[in-house]
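# Per-entry structural report
Below are the chains, spelled out letter by letter.
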Amino acid sequence: NDEVVAGVKAAADGVGVHGSVILAPALAAYRQGVDMLRPMGFAVGIALPPGDFPVDVITTILHRKTIRGSIVGTRKDLNEALQIAALGSVKC
């Protein structure tokens with residue numbers, strides 16, 4: 001919901017996050033994952049939601065947000081990647 005997005009943005013300098021990884025196969029998760037991005041942020045969808053995913057095209061283009069999908073790998077691969085990130089081993 002909007003409170004989640006507002007809370008994440010507030011915690012991220014009031015602007016939003018640089019990136020989001022969308023793991024839940026729900027349209028609401030995709031909406032939140034994109035809405036919480038700062039300008040030039042990246043959202044990566046892992047799980048596939050049912051049906052269409054409407055996007056606010058004007059905001060996405062004006063803020064130069066990127067939405068990508070990934071269907072490569074297994075849940076085990078994803079868990080291992082998240083563990084590596086949690087250890088601070090990923091540098092941007």
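See the structure printed just above.
Residues numbered from 1 in each chain as written. Predicted model: local features only at pLDDT ≥ 70, side-chain atom pairs only at ≥ 80, totals over all residues. Heavy atoms only, no water.

### As for the sheet that holds strand β1 (residues 17-22)
Put simply, the rule reads: A pair of strands is labelled paired if DSSP reports no fewer than 2 bridges between them. Helix numbers and strand numbers start at the N terminus; a helix is a DSSP run of H or I with at least 4 residues, a strand a run of E with at least 2. A fitted line through C-alpha atoms represents every axis, and for helices the fit uses only the stretch in contact; the resulting angles, taken between N-to-C directions, go from 0 to 180 degrees. Contacts were defined at the residue level, with two residues in contact if any of their heavy atoms lie within 4.5 Å.
An order of β1-β2-β3 is seen for the three strands of this open sheet, with the pairing classed as parallel. Each edge of the open sheet carries a strand with a single partner, namely β1 and β3 (66-69). Strand-to-strand twist across the sheet, computed as the mean angle between neighbouring axes with direction ignored, equals 15°. Two strands pair when backbone bridges link them, and strand β2 (residues 37-45) and β3 are joined in this way by four bridges, in the parallel orientation. Its bridge partner lying in β3, valine 44 is registered against arginine 68. Of the strands in this sheet, β1, β2 and β3 are in contact with helix α2 (residues 27-35), which crosses β2 at around 145°.

### Comments concerning the side chain of serine 20
Formally: Identification of polar contacts relies on pairs of N or O atoms within 3.5 Å, with a donor-acceptor requirement for protein atoms, meaning one able to donate a hydrogen and the other able to accept it, and with residues adjacent in sequence counted only if both atoms are side-chain atoms.
Within the secondary structure, serine 20 sits in strand β1. For serine 20, the side chain forms a polar contact with the main-chain oxygen of glycine 33, separated by 2.8 Å. Sequence-distant contacts of serine 20, that is, excluding residues within four places in its chain, are made with Gly33, Met36, Leu37, Phe42, Ala43 and Val44.

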